[in-house]
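Fold and contact review
Spelled out from the first residue to the last, the chains are:
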Amino acid sequence: MKNPTPFVEMECCQITKDGQSACGDDFQWERLENEGRNIAVLSDGLGSGIKASLLANMTTTMALNFMRSNLDILHSAEIIMDSLPVCEVRQISYATFTIADMLAGGRTRMIEMGNPGYIQLRGELEIPPFSTRTLVSERWPDREMTISELQMLLGDRLIFCSDGVTQAGLGTPGCKFGWRRSGCLDFIRKTVAEEPDISARDLSRLVAFYALSLNIDRKCVDDISCAVMYLRKPRVLRLLTGPPFHKEDDAKFASLARSGADKVIICGGTTSNIIERELKTRVEIDLRLVKSSGGLPPPGEMAGVGLVTEGILTLTRVAALLEAHDWEHAPVAARKILNLMEESDVIELIVGTKVNEAHQDPNLPLDLEIRRNIVKRLKELLERDYRKKVTIQYF
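Here's what I pulled together on the structure shown here. (Residues numbered from 1 in each chain as written. Predicted model: local features only at pLDDT ≥ 70, side-chain atom pairs only at ≥ 80, totals over all residues. Heavy atoms only, no water.)

What follows concerns empty space enclosed by the protein. If you walk through the whole model with that rule in mind, you get four cavities of 30 Å³ or more. Computed from the structure, the largest cavity encloses a volume of approximately 60 Å³. Lining the largest cavity, in full, are Leu74, Ala77, Glu78, Met81, Met113, Leu135, Val136, Ser137, Trp140, Arg143 and Met145. Among the elements that take part in the lining of the largest cavity, helix H2 (residues 73-83) stands out by supplying four residues, more than any other. When grouped by side-chain class, the residues that make up the lining of the largest cavity number eight nonpolar, one polar and two charged. (1 Å grid on protein atoms, 1.4 Å probe; cavity = no way out; pocket = protein on both sides within 12 Å on 5 of 7 lines; lining within 4 Å. Points joined across faces, edges and corners; volume = space filled by probe spheres on them. Helix = DSSP H or I, 4+ residues; strand = E, 2+ residues; numbered from the N terminus. Nonpolar A, V, L, I, M, F, W, Y, C, P; charged D, E, K, R; others polar.)

With that settled, consider the nonpolar core. Counting residues in each nonpolar core, the largest one holds 29 residues, and the members touching the most others are Ile265, Val318, Leu322 and Met341. If you list the elements that add at least two residues to this core, you get strand S12 (236-241), strand S13 (263-267), helix H8 (312-324), helix H9 (332-343), strand S17 (346-351) and helix H10 (371-386). Dropping the residues within four chain positions of it, Leu322 is found in contact with Trp327, Leu338, Leu378, Leu381, Leu382 and Tyr386. If you look at the next biggest cluster of nonpolar residues, it comprises 27 residues, including Leu121, Ile159, Cys184 and Tyr230. (Core = buried A, V, L, I, M, F, W, Y, C linked by side-chain atoms within 4.5 Å. Buried < 20%, exposed > 50% of the residue type's maximum accessible area, 1.4 Å probe, protein only. Contact = heavy atoms within 4.5 Å.)

Take the sheet that holds strand S10 (residues 156-161) next. Strand order across the open sheet formed by five strands is S1-S11-S10-S6-S7, with antiparallel pairing between neighbours. Looking at which strands have only one partner, the edges of the open sheet turn out to be strand S1 (7-15) and strand S7 (125-126). Where S10 meets strand S11 (residues 224-232), five bridges bridge the pair, whose relative direction is antiparallel. Paired with Arg157 across the strands is Tyr230, a residue of S11. Sheet contacts for helix H4 (residues 180-194): strand S6 (119-122), S7 and S10; angle to S6, the most-contacted strand, approximately 25 degrees. Against the sheet, helix H5 (residues 200-214) touches S1, S10 and S11, its axis set at about 25 degrees to S1. (Pairing = 2+ DSSP bridges. Axes fitted to C-alpha atoms, helices over the stretch in contact; angles between N-to-C directions.)

The geometry of a pair of packed helices is captured by two quantities: the angle between their axes and the separation between those axes. At a minimum axis distance of 9 Å, the contact between H8 and H9 shows a crossing angle of 60 degrees. On the basis of their axis angle, the class for H8 and H9 is oblique. Here the hand of the crossing between H8 and H9 comes out right-handed. Of H9, the residues touching H8 (which contributes Thr314, Arg317, Val318, Leu321 and Leu322) are Ala333, Ala334, Ile337, Leu338 and Met341. A breakdown of the residues in the contact of H8 with H9 according to their chemical character gives eight nonpolar, one polar and one charged. (Parallel < 35°, antiparallel > 145°, perpendicular 65-115°, else oblique. Left-handed = near helix turned anticlockwise from the far one by under 90°.)

Next comes the structure, spelled out in structure tokens:
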């Protein structure tokens with residue numbers, strides 16, 4: 001893959017305050033493919049629990065809509081403040097927010113009100129914005145909004161959080177005034193120094209759970225949220241399934257198993273046979289996995305290519321596990337596919353369209369879907385719930 005378009009990995013780890021059924025922080029994001037634009041919003045609702053969760057969700061939903069529509073930010077903030085319900089106890093309506101609006105090329109605008117200040121890191125070096133201004137609403141003079149303009153380069157990270165992170169450990173020995181932004185920054189710098197390629201998902205989790213560890217008895221005394229945006233070279237996973245419609249396309253189809261992707265998965269017996277034949281390689285299956293395969297045929301490895309699994313049954317199980325958001329106890333073959341998907345940014349589904357006659361048997365399970373439908377389902381799930389960029393190419 002030559003000069004791939006940089007990928008923006010967006011992740012947020014959240015920990016709910018002890019004793020509450022809902023997190024009082026909310027995180028939403030959107031990737032506007034036509035504009036090459038990525039928007040992420042983190043809000044901290046007043047208080048905690050269900051009410052705070054509703055306040056935060058209203059804020060992120062409205063902010064995302066306003067940013068998508070390019071409405072004036074001060075007017076948008078006023079609409080948000082006017083719309084929030086008033087707290088019966090404090091007689092105020094309030095939710096903080098941080099908005100990251102990253103354009104193609106890395107030009108980024110950070111809009112902050114009430115949350116701890118964002119961090120931009122280039123390696124271990126903190127990068128200041130090249131311009132900052134403050135806006136104050138006449139209707140809400142106590143609400144000050146900071147707008148920063150910055151430039152993201154390949155390898156840069158943006159980190160922003162709720163005050164459950166910066167105030168962690170407040171009043172404890174050695175952390176009298178809380179972890180604060182400075183403590184969070186030092187921790188992130190050290191983490192990146194030890195693991196320069198750490199993913200946004202792993203970094204957000206490390207920050208959130210370290211903040212939790214600073215509290216007495218590791219109790220979550222306030223909702224904790226840490227969001228990370230990481231601009232980097234995309235990690236490409238290519239999944240090939242199904243024989244091509246025309247046999248004369250077999251060689252071209254098979255060549256895709258060895259070019260342009262970081263990881264490759266081959267799903268289906270006929271598919272693997274074609275690639276074995278065309279690439280003059282073979283599949284090796286660890287027969288020790290048969291007993292622990294969990295109801296699916298055990299996976300194999302193809303030398304110089306990658307993971308090999310059964311086809312439609314396995315992909316159907318993968319889709320079900322993606323919907324459940326839990327694959328810790330999944331069959332080995334499905335779990336290996338899911339782990340590779342989770343570690344990747346761009347997932348290319350290469351789909352042969354020749355009908356496999358074995359799948360026309362009416363006695364097979366009712367949830368067995370034809371290949372074309374299952375890959376569409378996978379695409380929807382991966383894009384909607386897992387922030388992946390997914391393409392489908394038919395053969």
